[in-house]
Structure formats: structure tokens, C-alpha cells
Amino acid sequence: MSKQDLELVSVTKQYGATVAVDAISYRFKPDSYTCLLGPSGCGKSSTLRMIAGHETVSDGSILLAGRDISHLPPAKRGTAMMFQNYALFPHLSVLDNVAFSLKMKGTETAKRHAQAREMLDLVDLTNLADRLPDQLSGGQQQRVALARALITRPQVLLLDEPLSALDPFLRVRMRAELRKLQKELGISFIHVTHGQDEALALADDIIVMNNAVIEQAGPARDVFNTPQTRFVAQFMGGHNVIALPTGHFAVRADAVSVTEPAKGSVAGNVTAVEYQGTHVSLSARITGDQEVLALIPDATFFANPHHPGDQIGLHWDANDQHKLTA
Ligand code: ADP
């Protein structure tokens, strides 16, 4: 096991009769950005809080760098958590917020301020060191929270929906910064989100959770391109799930093309056409009352436009059709 390996071994979390996390096992890649992705209530935060030590493990174990950290207090694990609401102390300056955990450890003032300044430099906030949190924008507060988590020199940084409090513009900017920071620091980031676009933009690896278990995990492109289950195909988006006599299949919407009805194509009836700028999204009903979505480049569509009510033929390459296991 290499230095930073984090591993979950059959980890379970129960709250009374509720099984929030059901015996999940996973080995995180060292130095990588992993997103825990899934709908609300699937067990993502419980998993993250168990890794952080803010929640007890009901069963199973959590290993980091070869040692069992399942029952250690949060500060002794080698992990640090950045919370959704940032949880900054309103009466402390930015510098003292960042230095706080060192103060708790008894580090002398000059030394902890020097380290805090180093962290503020890392997140580009050096000139705001003397401000109070309420004198900062949302994005700046988030960077203070990041600096505060990183000052403990964690091997693994845990982020619980870190971008959800930001407006859409800032969210996109901060996610680029998070990604850059992870690469610079060379530690593992584990980031909880319910947004598939956020996970795809950030993650080396994505763990898709559903109903307290891992539904699929792997490199982001694999999870998107070859979903194994109907749930993953639908949750990741951009896919059609089509029931054929031989089973269920996923086909990417941008792999579907549209022609006049023809032999060898799937007959459909256009139900909706939506212009989306670079693409046109066309929905058609096919046999079995199933809806198929085609994402067509705008120039292709307008060279030969179709309208609701038109009979069309739908095509896709056999290689673009993936059989689903469940
Ligand atoms: P997610 O982060 O994916 O939204 P959570 O891990 O927060 O999911 O929750 C998973 C399940 O555990 C949900 O059914 C939730 O209601 C339940 N749960 C979470 N925290 C508690 C708690 N402190 N007490 C009881 N049930 C909880």
C-alpha cells in the first residue's frame, strides 16, 4: 500500500433503522481528485463524514497509508474537511481563522501566522489577511475555508458540496481553482456533489452512489461513456436508455442521427425540437412508447430541419450501443 492510499473496507453507516451506507468498499487512487456523486440521500455525506471522523463507522474499516483510522479523532487522521457553509469564525480575522487549528495545538503566534500566510498565499488571499469573514465575498470566504483546512497538511482533503453556496459564474471559476490546487499540492481530494457536470469537470475518478451502495466507479470518461446500469446512464445524463427485445441499452444522445424514414433505421415520430445554441435537441417517440433524444449539431439540423409530428428514421452505430446490466 503506497503512502497516501485511502481505502474503505466494507464500510457501513446506520442511523437507527436507516442504513445510510451499506458495506461499501473502495480504494482511492493516490494524488487524485475523486468525486462522490449521487442523488440526495444516497449516502455521500455520511461516507465523507465517516472518513473525516465526524461520524462513527457502524461496521467495516477505513485505512489511510496502511493504518486503520476508523476510530481516531478527526485531527489525528491525516484528513481535513472543508464544510459546505465554510464555518468561519465571524469575530476572527482571515489570518486567525486560517491559523486557528495551529493555535489549538499550542503553536506560538509568530510561527502559526507565518504558516497561515503561506496558506493564504497559496489561495491568493495574502492582501485580505486582516479582514473579517463578513467583509469577504462568497468566493473569498471559500478560499479562507480551503486555506484553513490545508494548514493541517492533510494527506486527504474532504470537500462536502464546496461549490453549492456560490453563484453559477463563481462556481465554474472555483472548480477550476480546486482542480489546479489539487494538482499543485499532490494530495488526494474527495469531493461530494450531486451535480454530474461538476463531477465530470473536476474528477479523475467518479464514484456514483445510489441507495447506500456504489453503483459504479472509475475514471470520469469511463463512467460517462460506458454506464453499466440504467441508473448511472440516466443520472449522468446525455444518454438514452432503450429497451430492446435483447435487453436494456444506453446510447449517447449525440451518437443518434436523424434522417427520413429508411430501412435499417428505427422509425420515430418527432415529439419536440429545442434549439440549444450549438446543438438542437430532438425528441422522438419510437416503438413501445419510448422516447429517444438526439443531440444534433445546429448546422446539420438546419440543413434538413424536422418538426414535431414528422416521421423520421433514427440511426446509431452498433459500437455506440452499450448493454446495461441492471
Ligand atoms: P447524501 O449526502 O447523499 O444526501 P446522507 O449521507 O446525508 O446522503 O444521508 C443518507 C441517508 O441517511 C438519508 O436517508 C438520510 O436521511 C439519513 N441520515 C443522514 N444523517 C442522518 C442522521 N444524523 N440521523 C438519521 N438519519 C440520517
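Placed above this text is the structure.
A short tour of the structure in this document, coming up. Each chain carries its own residue numbering, running from 1 in the direction its sequence is written. Given that this is a predicted model, residues contribute local features only at a pLDDT of at least 70 and side-chain atom pairs are listed and counted only at 80 or more, while totals for whole chains, interfaces and linings are drawn from all residues. Hydrogens and water are ignored here; the side-chain numbers use all heavy atoms of the structure.

Two numbers describe how helix α2 (residues 94-104) lies on helix α4 (residues 138-150): the axes approach to 7 Å, and their chain directions differ by 30 degrees. Regarding the angle of α2 to α4, the classification is roughly parallel. Where α2 crosses over α4, the handedness of that crossing is right-handed. Note on element contacts: α4 touches α2 through Val144, Ala147 and Arg148, opposite Val94, Asn97 and Val98. A breakdown of the residues in the contact of α2 with α4 according to their chemical character gives 4 nonpolar, 1 polar and 1 charged. Lines are fitted to the C-alpha atoms to define the axes, a helix being fitted only along its stretch in contact, and any angle between axes, read from their N-to-C directions, falls within 0 to 180 degrees. Strands here are runs of E lasting at least two residues and helices are runs of H or I lasting at least four, both read from the DSSP assignment and numbered beginning at the N terminus. Roughly parallel covers angles under 35 degrees, roughly antiparallel covers those over 145, roughly perpendicular covers 65 to 115, and oblique covers all other angles. Working rule for handedness: look at the near helix, and if it is turned counterclockwise from the far one by less than a right angle, call the crossing left-handed; if clockwise, right-handed. By definition in these notes, contact holds between two residues if any of their heavy atoms fall within 4.5 Å. Residue polarity follows a fixed list, in which Ala, Val, Leu, Ile, Met, Phe, Trp, Tyr, Cys and Pro are nonpolar, Asp, Glu, Lys and Arg are charged, and the others, Gly among them, are polar.

Right, let's get into the site of the ligand. Lining the immediate environment of the ligand, one finds Tyr15, Ala20, Pro39, Ser40, Gly41, Cys42, Gly43, Lys44, Ser45, Ser46 and Arg49. As used in this structure description, the phrase polar contact means that two N or O atoms lie within 3.5 Å; if the pair is within protein, one of them must be able to donate a hydrogen and the other to accept it, and residues adjacent in sequence are counted only when both atoms belong to side chains. In the model, an oxygen atom of the ligand is placed 2.6 Å from a nitrogen or oxygen of the Gly41 main chain. Between the ligand and Ser45 there is a distance of 2.8 Å, counted from an oxygen atom to a backbone nitrogen or oxygen. Only the protein chains shown count as cover for residues, with accessible areas throughout obtained via the Shrake-Rupley method and a probe of 1.4 Å. Relative to its unbound accessible surface of 560 Å², the ligand loses 60% to contact with the protein. At 4 residues, the largest contribution of residues to the shell around the ligand is made by helix α1 (residues 44-52). For the shell around the ligand, a count of residues per class yields 4 nonpolar, 5 polar and 2 charged. Nearness is judged by heavy atoms alone; a residue qualifies as near a molecule or strand once a single heavy atom is within 4 Å of it.

For the rest of this paragraph, the subject is the nonpolar core. Each nonpolar core is a collection of buried residues, namely Ala, Val, Leu, Ile, Met, Phe, Trp, Tyr and Cys, held together in the definition by side-chain atoms within 4.5 Å. Working definition: with a 1.4 Å probe on protein chains only, accessible area under 20% of the residue-type maximum means buried, over 50% means exposed, and in between means partly exposed. Ranked by size, the top nonpolar core spans 48 residues in total, and within it Leu146, Leu157 and Ile206 carry the most contacts. Ranked by residues supplied to this core, first place goes to α4 with 6 residues. Excluding anything up to four places from it in sequence, Leu157 contacts Ala80, Leu146, Ala149, Leu150, Ile187, Ser188, Phe189 and Ile190. The next biggest cluster of nonpolar side chains, apart from the first, holds 25 residues, and it includes Met50, Ile62, Leu64 and Val192.

Turning our eyes to something else, we now look at the pattern of salt bridges. A pair is scored as a salt bridge if a Lys or Arg side-chain nitrogen falls within 4 Å of a carboxyl oxygen belonging to Asp or Glu. Throughout the structure, instances matching the rule amount to 14 salt bridges. Among the ionic pairs, Arg49 bridges to Glu55, the shortest N-O distance being 3.3 Å. Several salt bridges converge on common partners, so that one network encompasses Asp5, Glu7 and Arg27.

This brings us to the layout of surface pockets. Each pocket or cavity is described by its volume, and for the largest pocket that value is around 600 Å³. Buriedness for pockets is judged along seven lines, at least five of which must meet protein on both sides within 12 Å for an open set on the 1 Å grid over protein atoms alone, while cavities are sets there where a 1.4 Å probe fits but cannot get out, and lining residues have an atom within 4 Å of a point. In terms of lining, the largest pocket is formed by 25 residues, of which the most central are Thr79, Ala80, Met81, Ser101 and Thr152. The greatest single-element share of the lining of the largest pocket, amounting to 5 residues, is contributed by α2. Of the residues belonging to the lining of the largest pocket, the class tally is 15 nonpolar, 7 polar and 3 charged. Grid points are joined across faces, edges and corners, and a volume is the space filled by probe spheres set on the points.

Along the chain, the position of Asn210 falls in strand β9 (residues 205-210). According to the relative accessible area criterion, Asn210 is buried, its value standing at 15%. Filtering out sequence-adjacent residues up to four positions away, Asn210 remains in contact with Pro39, Cys42, Glu215 and Phe231.

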